[in-house]
Amino acid sequence: MESLRAVMIVTAVGVATAGCGASGSPPAGAVVRDSAGIRIIELAATPSGGAAIPVVSDPAFPAGGIEFGAIADISVSDGVVAVFDAMETAVVTLDATGRVIARFGRRGRGPGEFHPAGLASIVAIGREALVPDVASQRVTRFAADGSVVDVRPLSLSDGHAVDWRTHPHGGFVYRLRKASGDLLIRDGAVGVDTLHRFSPSPDAPNTVLPATPLWTILPDGSLVVGWTDRFELVLLDPDNRRPVWIVRREAATRELTDADARHIHGLLEQSLLRRTRGEISTEMRQRLLSDTNLPARAPVISAIRTGPDGTIWVEGARAVEEFGLEALRMGEAAGIGSNEWEVYGRDGSFLGTAKLPSNFEVHEFVGPLVYGVEVDEMGVLRWCVAYAWRWIEGLC
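Values in this document were obtained by computation on a predicted structure and should not be read as measured data.

A. Summary view of the sheet that holds strand E28 (residues 312-317). Reading across from one edge, E4-E30-E29-E28-E27 is the order of the five strands in this open sheet, with mixed pairing throughout. If you trace the sheet from one side to the other, it starts and ends with strand E4 (51-52) and strand E27 (301-306), each paired once. Pairing between E28 and strand E29 (residues 337-344): five bridges, direction antiparallel. Its bridge partner being in E29, Ala 317 is matched across the sheet by Gly 337.

B. Geometry of the pairing of strand E14 (residues 128-133). Buried residues dominate E14, accounting for five of its six residues. In this sheet, E14 lies alongside strand E13 (residues 123-125) in antiparallel orientation, the contact comprising three bridges. In the sheet register, Val 123 faces E14, and the bridge partner there is Leu 130. The turn linking E13 back onto E14 is made up of two residues, and Gly 126 within it adopts a positive phi angle of 60°. Note that E14 and strand E15 (residues 138-143) share six bridges and pair antiparallel. Residue pairing across strands places Ala 129 opposite Phe 142, the latter belonging to E15.

C. How the structure looks around the pattern of salt bridges. This model, assessed by the stated rule, comprises 19 salt bridges. Here Arg 175 and Asp 163 are joined by a salt bridge, their closest N and O atoms 2.9 Å apart. Separated by 12 residues along the polypeptide, Arg 175 in strand E18 (residues 172-177) and Asp 163 in strand E17 (residues 160-166) bring together distant segments of the chain. One salt bridge connects Asp 193 with Arg 241, and the closest N-O pair in it is separated by 2.5 Å. In this pair, Asp 193 sits in strand E20 (residues 191-197) while Arg 241 sits in the loop between strand E23 (232-236) and strand E24 (243-249), placing the two residues 48 residues apart along the sequence. When its relative accessible area of 33% is taken as the criterion, Asp 193 is described as partly exposed. Overall, the relative accessible area of 33% leaves Arg 241 in the partly exposed class.

D. Geometry of the pairing of strand E2 (residues 31-35). In this structure, E2 lies alongside strand E3 (residues 38-43), joined through five bridges in antiparallel fashion. Opposite Asp 34, over in E3, you have Arg 39 as the bridge partner. Once E2 ends, the chain turns through two residues before running back antiparallel as E3, passing Ala 36 with a positive phi of about 55°.

E. Up close: the layout of surface pockets. Here the second largest pocket defines a volume of roughly 450 Å³. Arg 177, Lys 178, Asp 182, Ser 201 and Pro 210 are, among the 21 residues lining the second largest pocket, the residues nearest its centre. For the lining of the second largest pocket, a count of residues per class yields nine nonpolar, seven polar and five charged.

F. Layout of unusual backbone geometry. At Ala 36, a position not held by glycine, the phi torsion is positive, near 55°. Position of Ala 36 among the secondary structure elements: in the loop between E2 and E3. The exposure class of Ala 36 is exposed, given its relative accessible area of 80%. The phi dihedral of Arg 277 is positive, around 55°, even though this residue is not glycine.

G. Structural detail: the environment of Leu 294. Structurally, Leu 294 is set in the loop between helix H2 (282-290) and strand E26 (297-298). Taking relative accessible area as the criterion, Leu 294 reaches 27% and is therefore assigned partly exposed. Setting aside its immediate chain neighbours within four residues, Leu 294 contacts Thr 207, Val 208, Leu 256, Ala 261, Ile 264 and His 265.

Quick notes on the rules
- Residues numbered from 1 in each chain as written.
- Predicted model: local features only at pLDDT ≥ 70, side-chain atom pairs only at ≥ 80, totals over all residues.
- Heavy atoms only, no water.
- Pairing = 2+ DSSP bridges.
- Helix = DSSP H or I, 4+ residues; strand = E, 2+ residues; numbered from the N terminus.
- Buried < 20%, exposed > 50% of the residue type's maximum accessible area, 1.4 Å probe, protein only.
- Salt bridge = Lys/Arg side-chain N within 4 Å of Asp/Glu carboxyl O.
- 1 Å grid on protein atoms, 1.4 Å probe; cavity = no way out; pocket = protein on both sides within 12 Å on 5 of 7 lines; lining within 4 Å.
- Points joined across faces, edges and corners; volume = space filled by probe spheres on them.
- Nonpolar A, V, L, I, M, F, W, Y, C, P; charged D, E, K, R; others polar.
- Contact = heavy atoms within 4.5 Å.

Next comes the structure, spelled out in structure tokens:
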């Protein structure tokens, strides 16, 4: 089994202008109106008036000898980079120069151990790493050196937790998947709180590539929420959690075509054959495929992230015909991103666009850097490649 090697980390060579996320003007051709105190911004099919934001990179140190089995998640806080290795059921912490601080964690149910079926995310807070284990229903908090700080119970009731992230005011937030509508749950120093309830998915049960909720948290605690099957961003006030503004894109939906359906069925067949090592009858394969529903609409966006200075980054989805097996991960929008990003200000104004390398998977923005995983030309993952960008003069 081939291991994955840490290759490089990149320093910032451009710094965002302070205040870019605070204000801006509606893009040319946008229609702005008020509806019951909510600002509605209707964009043209292709927004104009923004600037192209160049993305640059610069290696900070030569290739190291850190090996991973399969990088599932990366989180960065206070100069500590925490990498979760799903294959090894372990966590590696590194400092800002890429030096290994510690490697810890193993399979098991004791302190500092994880159930391999319950791990998917890691959350760095301060100089600590929180590892949620949904199978064991607990969260283990580690110091950067790998020592266990504490273990807390995690009550998930009848849902499944995904999309774990840090809350800017302390604690962490995750999306609890439920048939009645997903919930955004904050677990912090003052207890557990429901930040937002999404409406139920418009797709039938057992749908592959269903409409999936997307969200991010801004530095002031505001939420920006949306869905993969439509271009609609909603900013929710951090205090009363009511909509402040809604950004919509004209004609920004994609109907699923016959060619799309054939491609998805092909991916499902590949997945079944891989999981069963080819030991599945044609009859059983056809039965399983016939029991699977397809969505009415193809994805149009794949991620919403908080960028430098509280900017809002929205990633467009690739064409369905370009999806690979990673797009079939249940309840997530992984594997469908184009790495073409639109950037918006805190007030919903359109600022510009950025293009990241197509083989780069974004995990987290930290200051003027974006951390993630890159796949090289040989198909090997490279950890913590980071990119930065220069704001065009006058962009704000």
